[in-house]
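If you want the building blocks of each chain, they are given just below.
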Amino acid sequence: MCRLSPRVNVIPAIGKADSLTPGEFRGFKKRIVEDIEHYDIPIYDVPYDIEEDDEETIQDNSELRALLPFAIIGSEEALEVEGQSIRARRYPWGISKINNPERSNSLQLSFHLSYAGSSSSMNLTATGSMNVLSIMYEYGGDSALCFCLRVLSLL
């Protein structure tokens, strides 16, 4: 990650966040933040400018910074729940919705990468197209630390 970070924006995220209890998640998140600081890994800093941005943008981006590393729940399966088709992960005890804001930051991250962050990222890069990649890095146990990378493709 240290070698990649000068070339791409590293966005730390915890994959399969629904497989952890809230206590396990807090501990895992703390350990990731400590490792990022200890190894001095430059990560994507959700941008805002106090002098130029409005209060709402500053507030939104401050809240996003506080969520790092992001909790991510993924699923390719669409389930029928209460007459609606939703993306969710099925477990023996029930389902975990991928867009449940109590367990996942997928919506916030997706919105930021797709809309809010695109203009600031484009300002940093003169030409090219953005692709979002994710690299799974086994961090221990059954959980994985997912570093989402915003890559600039110079074509």
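Residues numbered from 1 in each chain as written. Predicted model: local features only at pLDDT ≥ 70, side-chain atom pairs only at ≥ 80, totals over all residues. Heavy atoms only, no water.

Caption draft 1: Region of interest: a negative patch on the surface. A grouping of Asp54, Glu55, Glu56, Asp60 and Glu63 is seen on the molecular surface, where their side chains present a negatively charged patch. Among the structural elements, aspartate 60 can be located in helix H2 (residues 55-67). (Patch = residues over 30% accessible without salt bridge, like charges linked within 9 Å, V, L, I, M, F, W, Y side chains within 5 Å. Areas by Shrake-Rupley, 256 points an atom, 1.4 Å probe, with all protein chains shown as cover. Salt bridge = Lys/Arg side-chain N within 4 Å of Asp/Glu carboxyl O. Lys, Arg positive; Asp, Glu negative; His and termini not counted. Charge placed at Lys NZ, Arg CZ, Asp CG, Glu CD. Helix = DSSP H or I, 4+ residues; strand = E, 2+ residues; numbered from the N terminus.)

Caption draft 2: Broad picture of helix H1 (residues 22-38). Spanning 17 residues, H1 covers 24 Å between terminal C-alpha atoms, matching the ideal 24 Å at 1.5 Å per step. Aspartate 40 occupies a position one or two residues after H1 and carries a positive phi of about 50 degrees. (Expected span 1.5 Å × (residues − 1).)

Caption draft 3: A look at the nonpolar core. Counting 11 residues, the largest nonpolar core consists of Ile14, Ala17, Leu20, Phe25, Phe28, Ile32, Ile36, Ile41, Ala71, Ile73 and Ile98. Per-element tally for this core: the top contributor is H1, with 4 residues. With residues up to four places along the chain from it excluded, the contact list for phenylalanine 25 reads Ile14, Ala17, Leu20 and Ala71. The next biggest cluster of nonpolar side chains, apart from the first, holds 9 residues, and it includes Ala13, Tyr44, Val46 and Leu109. (Core = buried A, V, L, I, M, F, W, Y, C linked by side-chain atoms within 4.5 Å. Buried < 20%, exposed > 50% of the residue type's maximum accessible area, 1.4 Å probe, protein only. Contact = heavy atoms within 4.5 Å.)

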